[in-house]
Amino acid sequence: IYFEEFKRIEIFKNEYQDYRIDFGKNNYEILKDYIEKLILKFPNHPQLYDRLSRTNLSIGNKSLASKNYNHCLKIQRNNLNIKNETGLIVFISMPRSGTGFVSDSLINGLNMEDLRNEFSFSDSYFPYKAIFPFENHLSSAYYKSMKNGFVSGHAPANNENLIFLNHLSDKVIVNFRDPRQNLISWIHYLKYLQYTGNYSALFNYKISEDYFKKSFEYQIDWQIDNYFLTTNINWINGWLEADNKDNFYSEILFLNYEMLVDNMEEYFNKILNFYNIKKNNFKYPKNPKFMNNTHLRKGDKNEWKKILSREQILKINKSIPEPWFKKYNWDKYI
């Protein structure tokens, strides 16, 4: 990294400042080639990839900059794993899909630092403005290493979030739930927000003006026709598509709530394997305690079969892409 800095001193001469990368095109190519030669000699040096990323960005090549930065994160994670450290765990989950339970289990089970305030996710007017803000250290010209800690959010796979995640972690968990049961859980969750007087949430999450005055049946139909069903399916589909996008460089582990219910140990083992964490470093959680009118209401994966009418099930099933039923073992139950 000192060789790279000396090369910038050579380029800027008396005007050199350690944060500057605003050189002309010819000098840009000189520095870029020089960093790439250094990388050949020092391939596991994350700061060189950080510098290459910033150098590419200075000329306007955002895609290559993101790719270089994400590779910088891969090297950092590998170096942390060698020292038996976890690195950063990023858990992206659809609302009402076990997000809180899994988050608490990982933080407590791995004795990790909770970084959700530092990398704060906003789900204001979910999902349309639900984004992670760019982390503050990238406003600076200086390298910052990956932390050991936990970050989560209900982030959809929009362009802003994909760009952010390219610069946050080389590995991301994406968790979701059968849209039919998720719908029932969501409707009960809105009632919980009503009970607890969560003023801001009731504005952020879309409901009709007289929503709470109507019957439970009306609320189900309204969420099917106007908001949550489509939001849920689009959210899942967006992440499945993101996994195949050329400009998203982080590796994705797809998990779902049904796996958590059927085999909790296997669910967490997949996370541990994904992040190269030894099983003896993790304290497996006990089954959660459920109670009506709380954040952990029921935990059932098939409650929808008792609640939804045949017409509602048929309507929802038509909205769910056909391959998902077989892929995720979701029973059509018609």
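Provided above is the structure to which this section pertains.
Bear in mind that the values here come from a model prediction, so they are computed numbers and not experimental data. (Residues numbered from 1 in each chain as written. Predicted model: local features only at pLDDT ≥ 70, side-chain atom pairs only at ≥ 80, totals over all residues. Heavy atoms only, no water.)

Draft legend 1. Quick peek at the environment of S120. Position of S120 relative to the elements: it lies in the loop between helix 5 (99-109) and strand 2 (149-153). Given a relative accessible area of 35%, S120 falls into the partly exposed group. Residues S120 and N27, 93 residues apart in the sequence, show an inter-C-alpha distance of 38 Å. Dropping the residues within four chain positions of it, S120 is found in contact with I131, F132 and P133. (Helix = DSSP H or I, 4+ residues; strand = E, 2+ residues; numbered from the N terminus. Buried < 20%, exposed > 50% of the residue type's maximum accessible area, 1.4 Å probe, protein only. Contact = heavy atoms within 4.5 Å.)

Draft legend 2. Representation of empty space enclosed by the protein. Summed over the entire model, instances satisfying the criterion amount to 2 cavities of 30 Å³ or more. Volume-wise, the largest cavity comes out at about 130 Å³. As for the largest cavity, its lining consists of 13 residues, and the residues nearest its centre are F119, H137, S145, M146 and K147. Split into classes, the residues belonging to the lining of the largest cavity amount to 6 nonpolar, 3 polar and 4 charged. Estimates place the volume of the second largest cavity at around 40 Å³. What lines the second largest cavity is N81, N84, E85, T86, N276, I277, K278 and N281. Here the residues of the lining of the second largest cavity sort into 1 nonpolar, 5 polar and 2 charged. (1 Å grid on protein atoms, 1.4 Å probe; cavity = no way out; pocket = protein on both sides within 12 Å on 5 of 7 lines; lining within 4 Å. Points joined across faces, edges and corners; volume = space filled by probe spheres on them. Nonpolar A, V, L, I, M, F, W, Y, C, P; charged D, E, K, R; others polar.)

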